[in-house]
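Notes for the structure review
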Amino acid sequence: MSTVPEGYDPYAFVPFAVTVDLAVFTVREARLHVLLVERGGEPYKGRWALPGGFILPRESAGEAARRELAEETGLTQDAVGGLHLEQLRTYTEPDRDPRMRVVSVAYAALLPDLPEPRGGGDAARAQWWDARDLGGLAFDHERILADAYDRIGAKLEYTCLATAFCPAEFTLGELQQVYETVWGVELDRPNFRRKVLATPGFVEAVEGSPRRTGGRGKPAALYRAGAAAALHPPLLRPEGRTE
């Protein structure tokens, strides 16, 4: 147990709270969606916000993030425990919360899909929302969401992050759809396929697995995420080609 050093007065400093906020993304119906909760109490009662809440005295920020996500969405502990949460940044503006000085540690999470969420804890409802059709979020959550969106788009270029949006076994068409959805661009199919297969460790073929039928009736091979974490060379987004 730690002891307070002699002469140190912890009450000489104004106390403040620390919270966590989570930007949880998934691809649904070929659109990028983010998980939001409707606030059940003040401040901003009735407004939509990112899942999150206060860090308890004896837990880490990562533990608080998983607890709050489970409490406010109704997701099971197993589902939440298996998520990869990436710390985004810390938000420290003095007036970001009208209750008191609050510092927030924000996380981003990427998922292939999850069951429909339901509100819990101090959230009235939880729902997936189109990430490009949002406004009027509580606190500074629009800024956090924008930062998370930018981080994800950039990381798709240099890491294998896109496979986190896909099921365990996926087609190259499904992987391409992730890039097109997040970047908001249309990619050339043969060129995308060539780059993916030429990148060491990006994906690996599923041997002997059933083959899915594509939109034109052609068989599509299945792949799984490879062992690489970074892309060499990077898969840079094209400029000047938008949907």
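Everything below is about the structure printed above this text.
In this report, the structure presented in the accompanying data block is examined.

Rules behind the numbers
Residues numbered from 1 in each chain as written. Predicted model: local features only at pLDDT ≥ 70, side-chain atom pairs only at ≥ 80, totals over all residues. Heavy atoms only, no water. Core = buried A, V, L, I, M, F, W, Y, C linked by side-chain atoms within 4.5 Å. Buried < 20%, exposed > 50% of the residue type's maximum accessible area, 1.4 Å probe, protein only. Helix = DSSP H or I, 4+ residues; strand = E, 2+ residues; numbered from the N terminus. Contact = heavy atoms within 4.5 Å. Polar contact = N/O pair within 3.5 Å; in protein donor to acceptor, adjacent residues only side chain to side chain. 1 Å grid on protein atoms, 1.4 Å probe; cavity = no way out; pocket = protein on both sides within 12 Å on 5 of 7 lines; lining within 4 Å. Points joined across faces, edges and corners; volume = space filled by probe spheres on them. Nonpolar A, V, L, I, M, F, W, Y, C, P; charged D, E, K, R; others polar.

Section: the nonpolar core
Core analysis: the largest hydrophobic core is formed by 41 residues, its most contacted members being Phe25, Phe165, Leu175, Tyr179, Val182, Phe202 and Val203. Elements that contribute at least two residues to this core include exactly strand 1 (17-28), strand 2 (31-39), strand 5 (85-91), strand 6 (102-111), helix 3 (141-158), helix 4 (172-183) and helix 5 (189-198). Broken down by element, this core gets its largest block of residues, six residues, from helix 4. Contact partners of valine 203, with chain neighbours within four places excluded, come to Phe170, Leu172, Leu175, Val196, Leu197, Tyr223, Arg224, Ala225 and Gly226. Counting 17 residues, the second-largest nonpolar core is a separate cluster that includes Leu35, Leu75, Ala109 and Leu111.

Quick word on the side chain of arginine 96
By secondary structure assignment, the location of arginine 96 is in the loop between strand 5 and strand 6. A polar contact is formed between the side chain of arginine 96 and the side chain of aspartate 140, at a distance of 2.7 Å. If near-sequence neighbours (up to four positions away) are discounted, arginine 96 is found in contact with Thr19, Asp21, Tyr91, Val102, Val103, Ser104, Phe139, Asp140 and Ile144.

Quick look at the side chain of threonine 199
With respect to the helices and strands, threonine 199 occurs in the loop between helix 5 and strand 8 (203-205). Judged by its relative accessible area of 9%, threonine 199 is buried. Excluding its chain neighbours within four sequence positions, the residues that come into contact with threonine 199 are Leu231, His232 and Pro233.

Thoughts on empty space enclosed by the protein
In this structure the tally under the stated criterion is two cavities of 30 Å³ or more. Of the voids in this model, the largest cavity is the one considered here, and its volume is about 50 Å³. If you trace the largest cavity, you find it lined by His84, Glu86, Ala108, Ala109, Leu110, Arg151, Ile152, Lys155 and Leu161. The class makeup of the residues in the lining of the largest cavity is five nonpolar, one polar and three charged. Lining the second largest cavity are Leu172, Gly173, Gln176, Arg189, Phe192 and Arg193. At the level of secondary structure, the elements contributing two or more residues to the lining of the second largest cavity comprise helix 4 and helix 5. Split by residue class, the lining of the second largest cavity holds two nonpolar, two polar and two charged.

A look at unusual backbone geometry
What you tend to see is this: most non-glycine residues have negative phi, and most peptide bonds are trans. Following glutamate 42, the chain continues to proline 43 via a peptide bond in cis, the omega torsion being 0 degrees. The residue proline 43 is located in the loop between strand 2 and strand 3 (48-49) in this model. Of note, the bond from histidine 232 into proline 233 is cis; its omega dihedral lies within 30 degrees of zero at 0 degrees. Checked against the element boundaries, proline 233 lands in the segment after strand 11 (223-225). Of note, the phi angle at glutamate 29 is positive, near 55 degrees, even though the residue is not glycine. Structurally, glutamate 29 is set in the loop between strand 1 and strand 2. Non-glycine residue alanine 30 carries a positive phi angle of around 65 degrees.

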